[in-house]
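An overview of the molecular structure
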Amino acid sequence: MKKQAPKLIAISLLITLAALMAVAAWIPEKESTSSLAGEQGNEFKPDPDPPADDNEQETPPAEEPVVPFTPIPPEASALYRYTQSLWAEGGVELNGVHQTSEGTFAVITHSGKEGALNVGGKRTLSVVKLESDGTVSALKHLAGGDVYLDSRLTSDGLAVAACDDGRSYIHTLSLDLKSDVMLELNRFTSAELFALSDGYLLFTSGTDNNVYAVSDNVVKATGSVIAGEIFAVYDFAVYYMLVIGGISGYSVVKIDISDASLRTLSTVTIPDKQILNVSPYVENGVQKFLAVEKNANGVEVVKYDASFTVDEERVGVGLADAAEAYMNGNSILLLLHATSTRLYIIDGNLNFTASNSDLMRGVTSIHDCICYENGYVCLYSAGDKLTMCEIGNDGKTVTRNLAVTTSAAYLTRDTDGKCAVFYASDDSLKIIGV
């Protein structure tokens, strides 16, 4: 037994050494596996303060979220379909109202400090969108210009011209009022916008009328035409036709669309006549124009050829201190003001189809008139009260007196015949559904 002890000791040492080597080989493999598991799970915790990377860029702070506009519902009324009111301390000036199939837009000037019209008391132009049920669904405050010049619906959106002490601006707003593209121009203090099939024409007054052709919010051409009030603009694809009122007559001017300086192609002057309205129409496939003129002999309706050089037919209506004319494509509504307001309706053949010599007695001002296929709706003041009168092409009338006193008002009419009246009163923009 003593002779085998060294051998047993050697074997025991070999077994112990092998075990130690196995443990040593196993430990690094286990540590490596634990590190990978820790990166994917919860066992591994990285250094809470890793060394800074000089090439690493700071993440910019997140932008403040845009707070959506909260629609303002209308108020119920015992007299009207609805009433709506937006208050601004110091007063609201109603500049213009434009109706589309997507809603109605009111352009206002104010310096509100509270509520929806809160602009911190700074004089501001704002656009309000109204739904057919009287809900104010959107509101946009315009950043460029605090003096209103003009506004017009165009193929690019709602265009609003404004100025401040240094520059002039044309804002083009999307019909959801979420987008406002601003065109900045040299300062002018008067402007008229006229929509085209693509974009619009902008006229600014001076010795001549400076004219800008704008499309996709870019000035495509500039030029000038004779001075005077731009009464109407027609887009005939290869030229623009302008009707310009002057002191001793009016002019019909054609300008070249394709010319970068908007070169004048022709000018026809109609002397000693004030233009009240003009409308193109087609008779037996031939382009013609109906014009309503006022001169020393009274008011006349005239049929002109396409060049405005041939007076094909003329009919007299009567004398008047002042007159207005509206056209809906099927008839002409004439309002002649003297001691009372006389109403006449004339068809496209210049035949009198209706008249009323005592309809609008006591009219002090006509605020607005909506023309539609079957007639007209006039909004006017008689004495100190606002009155709305619907007039059919056959001369039949329906009059409604509104419990409103105002010096200026606008009218809209939906295709289903529902109307809305916009006016400013008691430091508020007020709207009533009729």
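Look up: the structure comes first, before these words.
Here is what the cut-offs are and how they apply
- Numbers given to residues run from 1 along each chain, matching the order in which its sequence is written.
- The predicted nature of this model means local features are confined to residues of pLDDT at least 70 and side-chain atom pairs, given and counted, to a pLDDT of 80 or more, with totals for whole chains, interfaces and linings taken over all residues.
- Based on all heavy atoms of the structure, the side-chain values leave hydrogens and waters out of the count.
- Buried Ala, Val, Leu, Ile, Met, Phe, Trp, Tyr and Cys residues form a nonpolar core when they are joined through side-chain atoms within 4.5 Å.
- Relative accessible area decides the class of each residue, using a 1.4 Å probe on protein chains only: under 20% of the type maximum gives buried, over 50% gives exposed, and in between gives partly exposed.
- Starting at the N terminus, helices and strands are each numbered in turn, a helix being any DSSP run of H or I of at least four residues and a strand any DSSP run of E of at least two.
- Only heavy atoms enter the contact rule, under which two residues are in contact if any of them lie within 4.5 Å.
- A cavity here means a set of 1 Å grid points, computed over protein atoms only, where a 1.4 Å probe fits but cannot escape. A pocket is an open set with protein on both sides within 12 Å along at least 5 of 7 lines, and lining residues have an atom within 4 Å of a point.
- Grid points are joined across faces, edges and corners, and a volume is the space filled by probe spheres set on the points.
- When residues are grouped by polarity, Ala, Val, Leu, Ile, Met, Phe, Trp, Tyr, Cys and Pro land in nonpolar, Asp, Glu, Lys and Arg in charged, and all others, Gly among them, in polar.
- We define a salt bridge as a side-chain nitrogen of Lys or Arg found within 4 Å of a carboxyl oxygen belonging to Asp or Glu.
- When two rings of Phe, Tyr or Trp (its six-membered ring) have centres within 6.5 Å they constitute a pair, described as stacked for plane angles under 30 degrees, edge-to-face for angles over 60, and tilted for the intermediate range.
- Look at NZ for Lys and CZ for Arg. If either is within 6 Å of the ring centre and within 35 degrees of the ring normal, a charge sits over the ring.
- Strand pairing is assigned whenever DSSP identifies at least 2 bridges connecting the two strands.
- Throughout, an axis means a line fitted to C-alpha atoms (over the contacting stretch in the case of helices), and angles, computed between N-to-C directions, take values from 0 to 180 degrees.

If you look at the biggest cluster of nonpolar residues, it comprises 18 residues, and the most contacted ones within it are Val292, Val301, Val317, Ile332, Leu334 and Leu336. Elements represented by at least two residues in this core include exactly strand E18 (274-283), strand E19 (286-295), strand E20 (298-305), strand E21 (311-318), strand E22 (322-327), strand E23 (332-337) and strand E24 (341-346). Ignoring anything within four residues of it in the chain, the contact list for Val292 reads Gln274, Ile275, Leu276, Asn277, Val299, Glu300, Val301, Ala325, Met327, Ile332 and Leu334. By size, the runner-up hydrophobic cluster in this structure holds 17 residues, among which are Leu86, Val92, Ile108 and Leu117.

All right, on to the layout of surface pockets then. Which parts of space are left empty comes out when a probe the size of a water molecule is rolled across the atoms. Taken as a whole, the largest pocket encloses approximately 1,100 Å³ of empty space. Elements represented by at least two residues in the lining of the largest pocket include exactly strand E2 (92-100), strand E6 (147-154), strand E10 (192-195), strand E14 (229-235), E18, E22, strand E26 (363-372) and strand E30 (409-413). Within the lining of the largest pocket, the residues separate by chemical class into 19 nonpolar, six polar and six charged.

Summed over the entire model, instances satisfying the criterion amount to nine salt bridges. Among the salt bridges present, the one from Glu283 reaches Lys288, with a minimum N-O distance of 2.6 Å. In this structure, Glu283 and Lys288 share a single accessibility class: buried. In this structure, the salt-bridge partner of Glu293 is Arg314, at a minimum N-O distance of 3.2 Å. Taken together, the positions of Glu293 in strand E19 and Arg314 in strand E21 put the pair 21 residues apart, joining distant regions of the chain. Exposure remark for Glu293: the relative accessible area of 0% places this residue in the buried category. With relative accessibility at 31%, the residue Arg314 sits in the partly exposed group. In this structure, a network of salt bridges that share partners links the residues Glu283, Lys288, Lys303, Glu312 and Glu313.

For the rest of this paragraph, the subject is the packing of aromatic side chains. Each aromatic ring pair is specified by the distance between its two centres and by the angle formed by the two planes. On inspection of all chains with the given rule, the structure shows eight aromatic pairs. Here the aromatic rings of Tyr234 and Phe289 are separated by 6.2 Å at their centres, their planes lie at 55 degrees, and the arrangement is tilted. You can see Tyr234 sitting in strand E14 and its partner Phe289 sitting in strand E19, a full 55 residues away along the chain. Comparing Tyr234 with Phe289, the two get one shared label, buried. Between Phe236 and Phe289, the ring centres sit 6.3 Å apart and the planes meet at 80 degrees, which makes this aromatic pair edge-to-face. On the criterion of sequence distance, the pair formed by Phe236 in the loop between E14 and strand E15 (239-245) and Phe289 in strand E19 is long-range, its members being 53 residues apart. Linked through ring pairs, Tyr234, Phe236, Tyr239, Phe289, Tyr304 and Phe308 together constitute an aromatic cluster. Note that Arg152 overlies the ring of Phe194, its terminal NZ or CZ placed 4.8 Å from the centroid. The residue whose ring lies beneath Arg413 is Tyr372, and the NZ or CZ to ring-centre distance is 3.6 Å.

On to the sheet that holds strand E1 (residues 82-87). The strand order across the open sheet formed by four strands is E1-E32-E31-E30, and the pairing between neighbours is antiparallel. Only two strands of the sheet have a single neighbouring strand rather than two, namely E1 and E30. Each strand of the sheet is rotated relative to its neighbour by a mean of 15 degrees, with strand direction disregarded. Pairing analysis gives six bridges linking E1 to strand E32 (residues 428-433), with the strands arranged antiparallel. By the bridge assignment, Tyr82 is partnered in E32 with Gly433.

Once that is clear, we can look at the pairing of strand E9 (residues 180-186). In the sheet, strand E8 (residues 167-173) pairs with E9 via seven bridges, with the strands oriented antiparallel. Within E9, the residue paired with Ser168 across the bridge is Leu185. Hairpin connection, E8 to E9: the antiparallel pair is bridged by six residues, and Leu177 has positive phi, about 65 degrees.

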